[in-house]
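If you want the building blocks of each chain, they are given just below.
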Amino acid sequence: MTDINDTIDQMILSAVTKDWQKTALVISKVFDNPDFDRETLTGQNVAERIYTLVEGGTLTSTGNIRRWRDSNVKLA
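The structure displayed is predicted, hence computed values, not measured ones. (Residues numbered from 1 in each chain as written. Predicted model: local features only at pLDDT ≥ 70, side-chain atom pairs only at ≥ 80, totals over all residues. Heavy atoms only, no water.)

Caption draft 1: Spatial organisation of helix H3 (residues 43-55). Over its 13 residues, H3 runs 18 Å from end to end, which matches the ideal 18 Å to within 8%, given 1.5 Å per residue. Along its buried surface, H3 packs onto helix H1 (2-15), helix H2 (23-32), strand S2 (59-62) and strand S3 (72-75). N-cap assignment for H3: the residue whose side-chain oxygen lies 3.2 Å from the backbone N of glutamine 44 is threonine 42. Once H3 ends, the next one or two residues include glycine 57, with phi positive near 90°. (Helix = DSSP H or I, 4+ residues; strand = E, 2+ residues; numbered from the N terminus. Expected span 1.5 Å × (residues − 1). Contact = heavy atoms within 4.5 Å. Polar contact = N/O pair within 3.5 Å; in protein donor to acceptor, adjacent residues only side chain to side chain.)

Quick look at the structure:
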């Protein structure tokens, strides 16, 4: 699972900027990436990786991160 997580993390980091973006938008950008495996992964998988990146300090967030439309993320 680590390889998949690393791949998702790279997609997230390429979608996130230094400006605030809705968490739902970032998830959508990753989901729309042609390299994203839609047959085995879901938006929830992306969200879980975003939560991990926020907890690890790679991303910063505002609002309740588990409410995708009501929270924002950006590069830390």
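Still more ground to cover, so stick around.
Caption draft 2: Representation of the pattern of salt bridges within the structure. According to the stated counting rule, one finds two salt bridges in the structure shown. The salt bridge partner of aspartate 9 is arginine 49, with a shortest N-O separation of 2.8 Å. With aspartate 9 in helix H1 and arginine 49 in helix H3, the pair connects residues that are 40 residues apart, well separated along the chain. For the pair aspartate 9 and arginine 49, a shared accessibility class is recorded, and that class is buried. For the salt bridge of aspartate 70 with arginine 67, the shortest nitrogen-to-oxygen distance reads 3.1 Å. (Salt bridge = Lys/Arg side-chain N within 4 Å of Asp/Glu carboxyl O. Buried < 20%, exposed > 50% of the residue type's maximum accessible area, 1.4 Å probe, protein only.)

Caption draft 3: Here's a closer look at the packing of aromatic side chains. Under the criterion given, the structure shown has one aromatic pair. Between phenylalanine 31 and phenylalanine 36 the ring centres are 5.3 Å apart and the planes differ by 55°, which places this aromatic pair in the tilted class. Across from the ring centre of tyrosine 51, 4.1 Å away, lies the NZ or CZ of arginine 66, which sits over that ring. (Phe/Tyr/Trp six-rings, centres within 6.5 Å; stacked < 30°, edge-to-face > 60°. Lys NZ or Arg CZ within 6 Å of the ring centre and 35° of its normal.)

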